[in-house]
Amino acid sequence: MILITGASGTVGRELAQQLLETGRPIRVLTRDAQKLSTLKGRVDIAEGDLSQPETLYAALRGIDRLFLVTSSTQQDAYVLQAGKEAGVRHIVKLSTFEAVDPKMAEHVQWHREREELIRFSGLAWTFLRPTMFMSAALDWAKTIREEGVFYFPGGEGRVPAIDPWDIAAVAAVALTKPGHEGQAYALTGPQNLSFGEMAQVLTRVLEKPIRYENISDETAVEGMRKAGLPEYVVEGLVGTFAVLRSGRLSYTTNDVARITGRTPRTFEAWCRVHKTAFL
Ligand SMILES: NC(=O)c1ccc[n+]([C@@H]2O[C@H](COP(=O)([O-])OP(=O)(O)OC[C@H]3O[C@@H](n4cnc5c(N)ncnc54)[C@H](OP(=O)(O)O)[C@@H]3O)[C@@H](O)[C@H]2O)c1
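Heads up: these notes are all about the structure in this document. Remember, it's a predicted structure, so these values are computed and weren't measured experimentally. (Residues numbered from 1 in each chain as written. Predicted model: local features only at pLDDT ≥ 70, side-chain atom pairs only at ≥ 80, totals over all residues. Heavy atoms only, no water.)

### A short note on the overall build of the protein chain
Selection rule: Runs of E in the DSSP output that reach at least two residues are strands. Runs of H or I that reach at least four are helices, and both are numbered from the N terminus. We compute the radius of gyration over the C-alpha atoms and compare it with the globule rule, which gives 2.2 Å times the number of residues raised to the power 0.38. Whether a residue is buried, partly exposed or exposed follows from its accessible area with a 1.4 Å probe, protein chains only, as a fraction of its type maximum: under 20%, in between, or over 50%, in that order. Throughout, a contact is declared for two residues whenever any of their heavy atoms are within 4.5 Å. To be clear on the numbers: accessible area is Shrake-Rupley with a 1.4 Å probe, and residue cover counts the displayed protein chains and nothing else. Two residue types count as positive, namely Lys and Arg, and two as negative, namely Asp and Glu; His and chain ends fall outside the count. Charge placement uses NZ in Lys and CZ in Arg. For Asp and Glu, CG and CD serve respectively.
If you tally the helices and strands in the protein chain, you get 11 helices and 11 strands. Radius of gyration (C-alpha) of the protein chain: 19 Å, near the 19 Å computed for a compact globule of 279 residues. Projected onto its principal axes, the C-alpha positions of the protein chain cover 55 × 40 × 35 Å. Looking at the protein chain residue by residue over its 279 residues, the buried ones come to 49%. Sequence separation of at least 24 residues holds for 73% of the intrachain contacts in the protein chain that already meet a minimum separation of 6. Here the protein chain displays about 12900 Å² of accessible surface, and carbon together with sulfur accounts for 51% of that area. Counting 33 positive and 33 negative side-chain charges, the protein chain places the centres of these two groups 5 Å from one another.

Take a look at the structure:
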């Protein structure tokens, strides 16, 4: 059986839906079963906390493949230990492009660390390394609704943002088809868009003028601290913004198409699906 962690989150939610459509039995992990009430009766729901290893053993019983979303190296270590005891064979880990960019290492050591822990665990692994999620645009929804503008420290940088649905589609293949063990996939959307071009897409979809306004890192940091992000995440994101502005993220890969047999979805398609969040 497959266990999906992060099943109430952006990618895990899509993955649960896609695997359900194949008729496969799945189990989902959450700290609060209420959050997954729409899945009740259709999937096995396990309550557990990745930071409390004693809660993981029951959730992992009978599981051989695992979709893993964590927020600390300690959580990966707990899952590995409990997973080995439970007989898990293959972990498909939601990692990030940041795990392999040498220039980012000092800001985001933890991504690399977590991959290494799994790589040398003795279990089979697949790493998914997506770029920025298109759903990050939801952070801009409030100012888009209220002022017709979004603020981001992206400068003139371009980014091949990816629809979380496509990340889930790759995860579904890696979890259910052979041949993905020991592979790391660089997952991007189909286009490198600047933030100004994203504003043009939003303008078209929302049928009202939307503007992008660049902000300084200092202003972004202030906002992230106000939103309660931990300091190490804030620091990591400032490093990511710098990489993004430098143009080093201006690439696309064909990993999504190669693995799923479908071209990844465009930002415009994502905006149309999520249009109501911006109105
Ligand atoms: N956003 C981006 O642009 C981007 C880009 C590249 C990579 N990533 C990577 O994507 C990952 C986040 O994925 P996401 O956006 O799909 O997740 P998300 O929407 O942020 O949701 C987090 C999920 O993790 C679960 N969770 C949090 N703490 C937990 C705990 N202690 N025990 C059990 N479950 C816990 C939550 O489940 P419950 O609340 O139900 O327990 C929730 O389902 C991160 O590792 C990030 O580095 C993000």
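Let us keep going from here.
### Observations regarding the side chain of threonine 5
Topologically, threonine 5 is positioned in the loop between β1 (2–4) and α1 (10–21). What makes threonine 5 buried here is its relative accessible area of 1%. When residues no more than four places from it in sequence are discounted, the contact partners of threonine 5 are Gly12, Leu29, Leu50, Leu66, Phe67, Leu68 and Val69.

### Quick notes on the packing of helix α8 (residues 217–226) against helix α9 (residues 231–246)
The line we're drawing: Angles shown run from 0 to 180 degrees and are taken between the N-to-C directions of axes, each axis being a line fitted to C-alpha atoms and, for helices, limited to the stretch in contact. Note on convention: near helix rotated counterclockwise from far helix by under a right angle means a left-handed crossing. Clockwise means right-handed. Classification used: nonpolar for Ala, Val, Leu, Ile, Met, Phe, Trp, Tyr, Cys and Pro, charged for Asp, Glu, Lys and Arg, polar for all others including Gly.
One can describe the packing of α8 onto α9 by two numbers: an axis separation of 10 Å at closest approach and a directional angle of 145°. By crossing handedness, the relation of α8 to α9 is classed as right-handed. The segment α8 lies against α9, with Asp217, Ala220, Val221, Met224 and Arg225 engaging Glu231, Val234, Leu237, Val238, Phe241 and Arg245. Residues belonging to the contact of α8 with α9 are distributed by class as follows: seven nonpolar, no polar and four charged.

### A word on the site of the ligand
Formally: Put simply, a residue is near a molecule or strand once any heavy atom of it comes within 4 Å of that molecule or strand. Contacts described as polar in this section are N or O atom pairs within 3.5 Å, which, within protein, must combine one atom able to donate a hydrogen with one able to accept it, while residues neighboring in sequence count only if both atoms come from side chains.
In the neighbourhood of the ligand, 24 residues make up the surrounding shell, with Ser8, Thr30, Arg31, Lys35 and Asp49 lying closest. In the model, an oxygen atom of the ligand is placed 2.9 Å from a nitrogen or oxygen of the glycine 9 main chain. Within the contact set of the ligand, an oxygen atom lies 2.9 Å away from a backbone nitrogen or oxygen of phenylalanine 133. About the coverage of the ligand: the protein hides 77% of its 920 Å² of free accessible area.

### Here we look at the side chain of aspartate 166
In this fold, aspartate 166 is placed in helix α6 (residues 164–176). With a relative accessible area of 0%, aspartate 166 lands in the buried category. Those residues in contact with aspartate 166 that sit more than four places away from it in its chain are Val256, Arg262, Pro264 and Arg265.

### Some thoughts on the nonpolar core
The condition that has to hold: Think of a nonpolar core as a cluster: buried Ala, Val, Leu, Ile, Met, Phe, Trp, Tyr and Cys residues, connected wherever their side-chain atoms sit within 4.5 Å.
Grouped together as the largest cluster of nonpolar side chains are 34 residues, with contacts concentrated most on Trp140, Ile144, Phe150, Phe195, Met198, Leu202 and Phe267. When contributions to this core are tallied by element, the ones reaching two or more residues are α5 (141–147), β7 (149–152), α7 (195–206), α8, α9 and α11 (267–273). If we ignore the near neighbours within four places in the chain, the residues touching phenylalanine 150 are Trp140, Thr143, Ile144, Phe195, Met198, Ala199, Leu202, Ile210, Arg211, Tyr212 and Glu213. Of all hydrophobic cores here, the second largest spans 30 residues; its members include Ala16, Val28, Leu39 and Ile167.

### A short note on unusual backbone geometry
Phi at glutamate 207 takes a positive value of approximately 55°, unusual for a residue other than glycine. Here glutamate 207 is to be found in the loop between α7 and β11 (211–214). By relative accessible area, which is 66% here, glutamate 207 ends up exposed.

### Describing the environment of aspartate 76
Position of aspartate 76 among the secondary structure elements: in helix α3 (residues 73–86). Each C-alpha atom of the pair aspartate 76 and glutamate 113 lies 9.8 Å from the other, and the pair is 37 residues apart in sequence. Here aspartate 76 is in contact with Leu68, Thr70, Lys93, Arg114, Leu117 and Ile118, once residues within four sequence places are set aside.

Geometric values such as these leave the question of function open.
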